[in-house]
Amino acid sequence: MRLRILTVTALAATLLLPTTAAQAAGVKGAVFYRYTDTATVYRYLAGQGFTKTKVGGLSQFSAAPDGRKVAWIDLDGKVHVTVGGTDKVIGTGAVAGAPCATPVWSADSKRVAYPLMGTEGSAAIVVVNADGTGRKQAGRTYGVCHLAWSANGRYLAGYAGTTQGVYLLDLVTGKSRKSAGIKLANHVQSLSPDGRKVIVHTIKPSDPGGDGGWPTWFPPTIVDTLTGAKVTVPVAGALIGAIYLRDGRLAVRVKGKSHHTIVVLSRTLKRVASFPEPASVKNSGLLQVL
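Residues numbered from 1 in each chain as written. Predicted model: local features only at pLDDT ≥ 70, side-chain atom pairs only at ≥ 80, totals over all residues. Heavy atoms only, no water.

1. As for the layout of surface pockets
Within this model, the largest pocket holds a volume of roughly 710 Å³. Taken together, 37 residues make up the lining of the largest pocket; nearest its centre are Pro65, Tyr244, Arg246, Gln288 and Val289. When contributions to the lining of the largest pocket are tallied by element, the ones reaching two or more residues are β4 (61-63), β8 (104-105), β12 (145-149), β16 (185-191), β20 (239-244) and β24 (285-289). Class assignment of the residues belonging to the lining of the largest pocket gives a composition of 20 nonpolar, 9 polar and 8 charged. (1 Å grid on protein atoms, 1.4 Å probe; cavity = no way out; pocket = protein on both sides within 12 Å on 5 of 7 lines; lining within 4 Å. Points joined across faces, edges and corners; volume = space filled by probe spheres on them. Helix = DSSP H or I, 4+ residues; strand = E, 2+ residues; numbered from the N terminus. Nonpolar A, V, L, I, M, F, W, Y, C, P; charged D, E, K, R; others polar.)

2. Thoughts on the pattern of salt bridges
Applying the stated criterion across every chain, the model contains 7 salt bridges. As a salt-bridge pair, Asp66 and Arg68 come within 4.0 Å of each other at their nearest N and O atoms. Owing to a relative accessible area of 48%, Arg68 belongs among the partly exposed residues under this scheme. Taking the shortest distance from any N to any O, the salt bridge between Asp207 and Lys204 comes out at 3.6 Å. Its relative accessible area of 25% is what places Asp207 among the partly exposed residues. (Salt bridge = Lys/Arg side-chain N within 4 Å of Asp/Glu carboxyl O. Buried < 20%, exposed > 50% of the residue type's maximum accessible area, 1.4 Å probe, protein only.)

3. So, the confidence of the model for the protein chain
Predicted coordinates in regions of low pLDDT should not be interpreted in detail. Averaged over the protein chain, the pLDDT score is 88; the fraction of residues at 70 or greater is 90%. Taken together, the stretch residues 1-16 has pLDDT below 50 and engages in 63 contacts with residues farther than four places along the chain or on a different chain. (pLDDT = per-residue confidence, 0-100. Contact = heavy atoms within 4.5 Å.)

As structure tokens, this is what we get:
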């Protein structure tokens, strides 16, 4: 598994998402991150400002969809959930020391899934409640890197450590399948609520393969995992990220000179609203739109 460590510049102390635009889109805020020797996750709510969570490990972290909790894996393979100043180990035996092998949260922010250390390539996936109870193995998959979880709770998607494709694990049947239409990819950002479409960073054979932590930005490709068809996003400009919201809407990040812009689209890809990110987070990673 080829790895690359990402360094993200410091996040400014204030963030002012335009409240009226965010409210028009039904958006309450966003979750950003910066990563140096440790990761810091910043949750922002319009009108309330920031709360921040620091975690350890080697960039193996994931913010819950509600932005309040962060799951992360330490170098001993222990899975932690940190909420403010409280940290609890909720699992053991996770893939450790591989930044792309991140845990993932369910849409209701109540469960965490993560890959177990195992044989080369394929790994067992464990699902556990955020308090450490209810642990169970959900199946095996080659898609162990940067897991994404569909909002209906049924599917997990991740890319193979070799970057050779994206795989979906059905949590009901325990079976895994390779997504159509994706030959090489080194990031999975999000799944549509029904698990049918996946947001990925596709790469060419000549591109660097591995990735370390969460990418600060990436050109998103949306693929129908059954047909392989690419979804055209009707937004002008250079797209540098995209996330499916829990209700099926799509939030895309559009590159700008002084700041980036978040555009929210309906389930039928009609523009709902847009609002600028402040210049202070231009070089920071976007984890969630709340």
